[in-house]
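The residues making up each chain are set out below.
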Amino acid sequence: GMAAAAFLVVGAVAAAADSLPDSALYPIKGTIERVEGVFVFSATDRFNFHLSLARTRLREAAAMFARHRVDLADTALNALEDELGSAAEVVKTVKASDPAVAGSLEQELRQAVETHDNQLAGLQGQVVNPTAVTAITRARDRAPTAFLFAAALGRLDVVAPGIQHALSELAR
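This one's a predicted model, so the numbers in the text were calculated from it and none came from an experiment. (Residues numbered from 1 in each chain as written. Predicted model: local features only at pLDDT ≥ 70, side-chain atom pairs only at ≥ 80, totals over all residues. Heavy atoms only, no water.)

How should the nonpolar core be read in this particular structure?
Most often, soluble globular proteins keep nonpolar side chains buried together rather than apart. Ranked by size, the top nonpolar core spans 32 residues in total, and within it Phe-47, Leu-51, Phe-65, Leu-77, Leu-84, Leu-109 and Leu-120 carry the most contacts. Elements with a minimum of two residues in this core: α3 (43-66), α4 (70-97), α5 (99-126) and α6 (130-142). Here the element with the most residues in this core is α4; it accounts for 12 residues. (Core = buried A, V, L, I, M, F, W, Y, C linked by side-chain atoms within 4.5 Å. Buried < 20%, exposed > 50% of the residue type's maximum accessible area, 1.4 Å probe, protein only. Helix = DSSP H or I, 4+ residues; strand = E, 2+ residues; numbered from the N terminus.)

Below you can see the structure in the form of structure tokens.
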């Protein structure tokens, strides 16, 4: 009885780890991620945790676009933006206590945003559904929110050109 129940729980948790937003196990995945987040203590580890979740959300969005689930893809893209924003918050917090570490994290975030933007551009070229194209365009336009801290640091010269353009649009 108890062993069988434990086996089922462990099996569900293992299966949930790779689940996608259209899976019944996906809510379990979100719970697991939140629990993991509670046990991430150092600023660098928190930063890396958020970047890892951002990569996961981007993979999920791509999979949902491939399955023509634009609604779930858009939700994943919103979560991607949230994770990048959380990573940027970590950088801002670290800047006050350790500018050198913050500079390193800032560079990693910049590279992650550029990589994600390139992947989104590739996705944009693959989808034909107008709603999907709009969702990807919105996600690419939203990416600068993770980079608003760069403007505060006066570092717009190092921001990717597309992001720099979007930041200038936001400033209007």
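There is more to say, and it comes next.
Where do I start with the packing of α3 against α5 in this structure?
When two helices pack together, their arrangement is given by the angle between their axes and by how far apart the axes lie. One way to put it is that α3 packs onto α5 with a least axis distance of 11 Å and a crossing angle of 0°. One element, α3, and the other, α5, form an angle in the roughly parallel class. Contacts between α3 and α5 pair Thr-44, Phe-47, Asn-48, Leu-51, Ala-54, Arg-55, Leu-58, Ala-62 and Phe-65 from the former with Val-101, Leu-105, Glu-108, Leu-109, Ala-112, His-116, Gln-119, Leu-120 and Leu-123 from the latter. Among the residues forming the contact of α3 with α5, the class breakdown is 12 nonpolar, four polar and two charged. (Axes fitted to C-alpha atoms, helices over the stretch in contact; angles between N-to-C directions. Parallel < 35°, antiparallel > 145°, perpendicular 65-115°, else oblique. Contact = heavy atoms within 4.5 Å. Nonpolar A, V, L, I, M, F, W, Y, C, P; charged D, E, K, R; others polar.)

Where do I start with the layout of surface pockets in this structure?
Using a probe with the size of a water molecule, rolled over the atoms, empty space left in the structure can be pinpointed. Quantified by volume, the largest pocket comes out at close to 260 Å³. Residue lining of the largest pocket: 15 residues in total, with Tyr-26, Glu-33, Arg-57, Ala-79 and Glu-83 positioned closest to the centre. Ranked by residue count, the leading element in the lining of the largest pocket is helix α2 (residues 26-38), at six residues. Counted by class, the lining of the largest pocket contains eight nonpolar, three polar and four charged residues. If you add up the space inside the second largest pocket, you get close to 170 Å³. Every residue lining the second largest pocket is listed: Arg-55, Leu-58, Arg-59, Ala-62, Ala-112, Thr-115, His-116, Gln-119 and Leu-123. Secondary structure elements with two or more residues in the lining of the second largest pocket: α3 and α5. Considering each element in turn, the lining of the second largest pocket owes the most residues, five residues, to α5. When its residues are assigned to classes, the lining of the second largest pocket shows four nonpolar, three polar and two charged. (1 Å grid on protein atoms, 1.4 Å probe; cavity = no way out; pocket = protein on both sides within 12 Å on 5 of 7 lines; lining within 4 Å. Points joined across faces, edges and corners; volume = space filled by probe spheres on them.)

For this particular structure, what's the right way to read the packing of α4 against α5?
It is the contact of α4 with α5, at a shortest axis distance of 8 Å, that shows an interaxial angle of 165°. As judged from the angle between their axes, α4 and α5 are roughly antiparallel. You can see that α4 and α5 cross each other, and the crossing is left-handed. Contacts between α4 and α5 involve Leu-77, Leu-80, Leu-84, Ala-87, Ala-88, Val-91, Val-94, Lys-95 and Ser-97 on the former and, on the latter, Pro-99, Val-101, Ala-102, Leu-105, Glu-106, Leu-109, Val-113, His-116 and Leu-120. (Left-handed = near helix turned anticlockwise from the far one by under 90°.)

What is the right way to read the pattern of salt bridges from this model?
Oppositely charged side chains are able to pair whenever their charged atoms sit close together. Per the counting criterion, the structure on display carries nine salt bridges. When the shortest N-O distance is used, the salt bridge between Arg-69 and Asp-71 registers 3.1 Å. Taking relative accessible area as the criterion, Arg-69 reaches 32% and is therefore assigned partly exposed. Among the charged side chains, a network of salt bridges with common partners joins Lys-29, Glu-33, Arg-57 and Glu-60. (Salt bridge = Lys/Arg side-chain N within 4 Å of Asp/Glu carboxyl O.)

Would you take a moment to explain unusual backbone geometry for this structure?
Most of the time, phi is negative for any residue but glycine, and the peptide bond is trans. With a phi close to 60°, His-68 is a non-glycine residue in the positive phi region. Secondary-structure assignment places His-68 in the loop between α3 and α4. Classification of His-68 as exposed rests on a relative accessible area of 67%.

Before we go on, may I ask you to explain α5 in this structure?
Three- or four-residue spacings in an α-helix give side chains the same orientation, since the helix completes a turn every 3.6 residues. In this model α5 runs 40 Å from its N-terminal to its C-terminal C-alpha over 28 residues, within 8% of the 40 Å that 1.5 Å per residue would give. Of the positions making up α5, those classed as buried are Ala-102, Leu-105, Glu-106, Leu-109, Arg-110, Ala-112, Val-113, His-116, Asp-117, Leu-120 and Leu-123. (Expected span 1.5 Å × (residues − 1).)

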